[in-house]
Each structure stands twice: as C-alpha cells, then as structure tokens.
Amino acid sequence: MIARFALLLMLAAPALADSNLPPSEWADRQLPDARQEAAATALMEDIRCLVCQGQSVADSDAELAGDMRALIRERIAAGERPEAVRAWLVERYGDWVSFEPPMKPLTWPLWLGPLAILAAGAWLAARKLKRPK
Amino acid sequence: MRRRLLLLVPLALLALFAAVAWWRLASPPDNVIRSKLEGQKLPAFVLPAALPGRAGLDSAAFVDGRPRLLNIFASWCVPCIAEAPVLLELERRGVTIEAIAVRDRPTDVAHFLDRHGDPFQRIGTDIDSKVQLSLGSSGVPESFVVDGRGVIRFQHVGPISPADIPTILAELEKAR
C-alpha cells in the first residue's frame, strides 16, 4: 500500500506554472568574487519574492525569484551598490518588496511600538518589585 | 472598583485580537502587487524578436503619439490562453497591442499564436524576465496602457476578461 502510494507520488507531476527554459545563469551560481557574493546574498535575503510572498528571493524556488537573484548578482558584479539595487526594486514594487521597512511616519508605530511596550513592561515590573512600605 | 476594571483589560485585548483575526480571515488582504510605475516613463529596453520573421520590441516604439497596450504573456501561461480571445477582440476594435513574451522559446511562441490567435504588432522576447522586472510586473499575464509619449498610464494585473474591455478602452482613450 505504502509502496504503491510512493509510486503514485513519484508519477505525479507538479502543476506546471513554470516555463520550459533553464534557470538564469546567475540564479543559482555564486559570483567568483567572494565579497560581491556576500553582498549579493545579504541583499537576496532581504528582498521579498513576488510569487511566494512570505519568502525572500534567496529562499524561494519560484522561477521569478531565480531571475531576481540573477538580476541582483549581475548588478552587484557590475559594481552597483546593494542599496542602489534595493532602491531600484523599491521604485518598481514599493517598500513592500524589501524586508527592511523604511523609517517614515507611517512606520513609526512599527519601530517605536516595541520600545513603548518594553518601557511599559519595565514600569509595571518596577512597580511590582518595589518593596511595600 | 478600579482593580476590577483593570482585570478586564486582558479580556478586552483577547476580544480585540479575536476581532482582528476574524476580520482578516474573512477578508484576506489583497496580495496583488501593482507596479509603482503608473504615471512614469516606460523604462528603456530593447528586446529581440520572440520569433523569426517578426519585429522585436523596444521602448522607442512607444513614442509615436499613439497610445498602445503592452501585453506581457508567455506560451506556458495558462491564464494567457483565456485572455487570447479578448486581445483579439481589442485588436478588432482598433487597439495596437505590443507584446513581451517572458521566458519563452520561438517554437513555443509560434505554436501558441497558431493555436490562440495573434493580435500582436511586435513581440519582444524577455528570456530572463529582466524587462518584466524593470516594468514592476510580477507575473503573466499583465498589460500596461502606454500613452503616445511613452508614459505608463494604467496597469492591468492578470488576464483581461471580456468584462474588462470597457475599462481598457476607456484608459486607452484617456491616454490619447
């Protein structure tokens, strides 16, 4: 039974939403320059995949994510700064595409909320821990 | 009395949490990613022809004073098949449609056009999705209304359905 099920699984083809072309050259290949590769990888982990929206392009298996990795590697290999590549993507897809939210009025609660909650907790704890007179 | 009320705070927080969870589960946020380039100039690109004997597509083609529809499609894209007859109808109504085939092979594009019709003026081939990414597009099919000065006026994400024809025509008219 299990063997038959396993066989069925092997025969099952995933739904084809991908092209017939191989991945881009730099989608899954490291740059020869280790420092550039490190910069590219750091950026890839910080850029959101447009297909699997919870994943970074470094984690995603989607074809478009591969093309985005290739784009990032090629631009960094050409000497572009990672922040410039990020800005290029944000210009097209909005702040959404970057996992690092910018500091602006709309995102103040996001940045300051945790600090405020921590401060409130500290205040509560301080009150509780004070020795009764 | 004040202490009693304070005890209700966690319950209130729980109720708030449940309400937010209920709301977001019942109406999930829209996860369509729109291009931020609406209202901006079409990025410069030059694409070779997607199949032999046809013209390739470059951004310079969009500045001759006529508004156009730029359709991003692929032969491997299933919703593009559903969109094909609608594009033919738009062409019949006089819309100039330029196309970009994403991650495609000439034989596959030719086969797709044979089977589903060919409403396109020019077809550029975007092997590694670079031009698609430069347009702020996140999938196939997508369409852009580009005015006669090469400015993106409107983006349609997903297949254009028959019900979308009036919108597309109106946007093209506005771009005139």
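Calculation notes
Residues numbered from 1 in each chain as written. Chains lettered and ligands numbered in written order. Predicted model: local features only at pLDDT ≥ 70, side-chain atom pairs only at ≥ 80, totals over all residues. Helix = DSSP H or I, 4+ residues; strand = E, 2+ residues; numbered from the N terminus. Rg over C-alpha atoms; globule rule 2.2 N^0.38 Å. Buried ≥ 20, exposed ≤ 12 C-beta atoms within 10 Å, placed from the backbone. Contact = placed C-beta atoms within 7 Å. Nonpolar A, V, L, I, M, F, W, Y, C, P; charged D, E, K, R; others polar. Core = buried A, V, L, I, M, F, W, Y, C linked by C-beta atoms within 7 Å. Pairing = 2+ DSSP bridges. Right-handed = clockwise from strand over helix to strand, strands pointing away.

Secondary structure summary: chain B contains five helices and seven strands in total. Scanning chain B from its N terminus toward the C terminus, one meets helices and strands in the order α-β-β-β-α-β-α-β-α-β-β-α. Taking 2.2 N^0.38 as the reference for a compact globule, 176 residues should give roughly 16 Å; the C-alpha atoms of chain B span a radius of gyration of 22 Å, well beyond that estimate. Projected onto its principal axes, the C-alpha coordinates of chain B cover approximately 85 × 35 × 30 Å. Split into buried and exposed, the 176 residues of chain B put 38% on the buried side.

Of the residues lining the interface, 19 residues belong to chain A; the matching set on chain B comes to 18 residues. Listing elements by their share of the side of chain A that touches chain B, those giving two or more residues are helix H3 (63-77) and helix H4 (82-93) of chain A. By residue class, the composition of the side of chain A that touches chain B is nine nonpolar, five polar and five charged.

Once that is clear, we can look at the nonpolar core. Phe 73, Ala 74, Ile 100 and Ala 101 of chain B are the most contacted members of the largest nonpolar core, which totals 38 residues. For this core, the elements supplying multiple residues, two or more each, are strand E3 (68-73), helix H2 (78-92), strand E4 (97-102), helix H3 (106-116), strand E6 (142-146), strand E7 (152-157) and helix H5 (165-174) of chain B. Residues within four places of Phe 73 of chain B in sequence aside, it is in contact with Cys 80, Ala 99, Ala 101, Val 140 and Pro 141 of chain B. Met 44, Leu 50 and Leu 89 of chain A together with Leu 133 of chain B belong to the second largest nonpolar core, which has 22 residues in total.

For the rest of this paragraph, the subject is the pairing of strand E5 (residues 123-126) of chain B. All names here are of chain B. Here E5 shows a buried face lined by Ile 123 and Thr 125 and a second buried face lined by Gly 124 and Asp 126. With four bridges connecting them, E4 and E5 associate as parallel partners. Residue pairing in the sheet places Ile 100 in a bridge with Gly 124 of E5. Read from E4 through H3 to E5, the crossover connection turns out right-handed.

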